[in-house]
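# Structural features, examined
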Amino acid sequence: MKYISFLLPDGTAAFGRLEGETVYQLGTGTDDLKSAIGHDNLATLTNGQRYALAEVSLLPVIPNPDKIFCVGHNYESHRQETNRAATDFPSIFTRFADTLLPHGNDILVPKVSTQLDFEGELAVIIGKGGRYVSEADAMSHVAGYACFNDASVRDWQWHTRQFIPGKNFPTTGPFGPYMITPDEAGDLSDINVTTRLNGKVMQEQPIKDMIFPIATVIAYISNFTELRPGDVIASGTPGGVGAKRTPPVWMKAGDIIEIEIGPMGILSNTIADEA
């Protein structure tokens, strides 16, 4: 199944199933996709009001996650291009929920930077929370997957050794277009994470090449904080980022950036300058 969060034609926030170009609203009142995941009843919800996809406005898949974790240097190709030392544990940093934006909306180049970079990633959405999750049980905690672009304001990221400023400018975390459930995603091993800038492939590598697999990352994070339904893990980007090219490639107004991950679809956004 594919699930989306969206705004109804009257501006009310909602969530639903996506079947082709048709959206079926699920839940009522204050329900949202995060709460439905937490109640573990997505599959049993019956189709409500029907809309054409063109009638609604997409929101980030989970507009209101409690926590967003990002894994740094989780592909060997990216670790090597950044000259980072190999580590025994995954490098984890955080994003804020108000940095997220949906498929189709503009990523804004901040007024204070011209160094906006792309990072195509697989987003893992937590379904069942918990602490001290074992690696053997970790994948049973996954509600689904989606495309993510951990777009990075590099000069602000590099002000110090702390990543957070460069990873938390508004409208720099595209997330979508939909969440796909694990049964529909199937075996992730040979699915590629592909990033295209204006149609040119910039990053492409199979998910199986992660240094720290998804189960390892979930287990590690759950040791230091409680995972909750709707939490998001951006699982790392392959090599090929703009900052490490010669000369560097920065996204600029008018560019189109696409992240494609097999059955997770294509996350596409246009770049615009901050007003």
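The following paragraphs examine the structure supplied in this document. (Residues numbered from 1 in each chain as written. Predicted model: local features only at pLDDT ≥ 70, side-chain atom pairs only at ≥ 80, totals over all residues. Heavy atoms only, no water.)

This part is about the overall build of the protein chain. If you tally the helices and strands in the protein chain, you get 6 helices and 19 strands. In terms of overall dimensions, the protein chain is globule-like: its C-alpha atoms have a radius of gyration of 18 Å, near the 19 Å expected for 275 residues. With respect to the principal axes defined by its C-alpha atoms, the protein chain has extents near 50 × 45 × 30 Å. The burial tally for the protein chain puts 53% of its 275 residues in the buried class. Look at the contacts in the protein chain between residues 6 or more apart in sequence, and 75% of them connect residues 24 or more apart. (Helix = DSSP H or I, 4+ residues; strand = E, 2+ residues; numbered from the N terminus. Rg over C-alpha atoms; globule rule 2.2 N^0.38 Å. Buried < 20%, exposed > 50% of the residue type's maximum accessible area, 1.4 Å probe, protein only. Contact = heavy atoms within 4.5 Å.)

The subject of this paragraph is the pairing of strand 16 (residues 200–206). In this structure, strand 15 (residues 192–197) lies alongside strand 16, joined through 6 bridges in antiparallel fashion. Within the sheet, the bridge partner assigned to Leu-197 lies in strand 16 and is Lys-200. (Pairing = 2+ DSSP bridges.)

The geometry of an aromatic ring pair is captured by the separation of the ring centres together with the interplanar angle, meaning the angle of the planes. Tallied over the full model, the rule gives 6 aromatic pairs. Ring centres of Trp-156 and Phe-169 lie 5.5 Å apart, and the angle between their planes is 80°; this geometry places the pair in the edge-to-face category. Taken together, the residues Trp-156 in helix 4 (residues 154–157) and Phe-169 in the loop between helix 4 and strand 14 (173–180) connect sequence positions 13 residues apart. Take Trp-156: its relative accessible area is 29%, and that puts it in the partly exposed class. (Phe/Tyr/Trp six-rings, centres within 6.5 Å; stacked < 30°, edge-to-face > 60°.)

Along a regular strand, successive side chains alternate from one face of the sheet to the other. Summarising burial for strand 14: 8 of the 8 residues are buried, a large majority. Note that strand 1 (residues 2–7) and strand 14 share 2 bridges and pair antiparallel. Looking at the pairing, Lys-2 lines up with Ile-180 of strand 14. Sheet topology places strand 8 (residues 100–101) next to strand 14; 2 bridges connect them, and they run parallel.

Next up on the list: unusual backbone geometry. In the segment running from Gly-176 into Pro-177, the intervening peptide bond is cis, with an omega of 5°. Secondary-structure assignment places Pro-177 in strand 14. Looking along the chain, the bond that leaves Thr-246 and enters Pro-247 is cis, with omega of -5°. When you line up the elements, Pro-247 lands in the loop between strand 17 (232–234) and strand 18 (256–260). With a phi close to 55°, Asp-40 is a non-glycine residue in the positive phi region. Secondary-structure assignment places Asp-40 in the loop between helix 1 (33–39) and strand 4 (50–52). Its relative accessible area of 70% is what places Asp-40 among the exposed residues. Positive phi, normally seen in glycine, also occurs at Asn-83, with a value near 60°.

For the rest of this paragraph, the subject is the sheet that holds strand 9 (residues 107–109). The 5 strands are arranged 9-19-18-15-16 in an open sheet whose pairing can be described as mixed. The sheet terminates laterally at strand 9 and strand 16, the two strands that pair on one side only. Shown here is a sheet whose adjacent strand axes are inclined to one another by a mean of 20°, direction ignored. Of the pairings in the sheet, the one linking strand 15 to strand 18 comprises 4 bridges and is antiparallel in character. Bridging from a neighbouring strand, Arg-196 pairs with Glu-258 of strand 18. (Axes fitted to C-alpha atoms, helices over the stretch in contact; angles between N-to-C directions.)

A separate point is the environment of Phe-69. Mapped onto the secondary structure, Phe-69 falls in strand 6 (residues 68–72). Overall, Phe-69 belongs to the buried group, its relative accessible area being 3%. Distance in space between the C-alpha atoms of Phe-69 and Asp-10 is 33 Å, their sequence separation being 59 residues. Non-local contacts of Phe-69, meaning those with residues more than four positions away in its chain, are made with Ile-92, Phe-93, Ile-221, Phe-224, Thr-225, Leu-227, Asp-231, Val-232, Ile-233 and Ala-234.

Let's shift gears to the pattern of salt bridges. In the structure shown here, the tally under the stated rule is 12 salt bridges. Within this structure, Arg-95, Asp-117, Glu-119, Asp-150, Arg-154 and Lys-167 form a network of salt bridges that share partners. (Salt bridge = Lys/Arg side-chain N within 4 Å of Asp/Glu carboxyl O.)

Counting buried residues in helix 6 (residues 214–224) gives 8 out of 11 residues, a clear majority hidden from the surface. Residues of helix 6 that are buried include every one of Ile-214, Ala-215, Thr-216, Val-217, Ile-218, Ala-219, Ile-221 and Ser-222, and no others. If you follow the buried residues of helix 6, they end up packed against strand 6, strand 7 (91–95), strand 11 (120–126), helix 3 (135–138), strand 12 (142–149) and strand 17.

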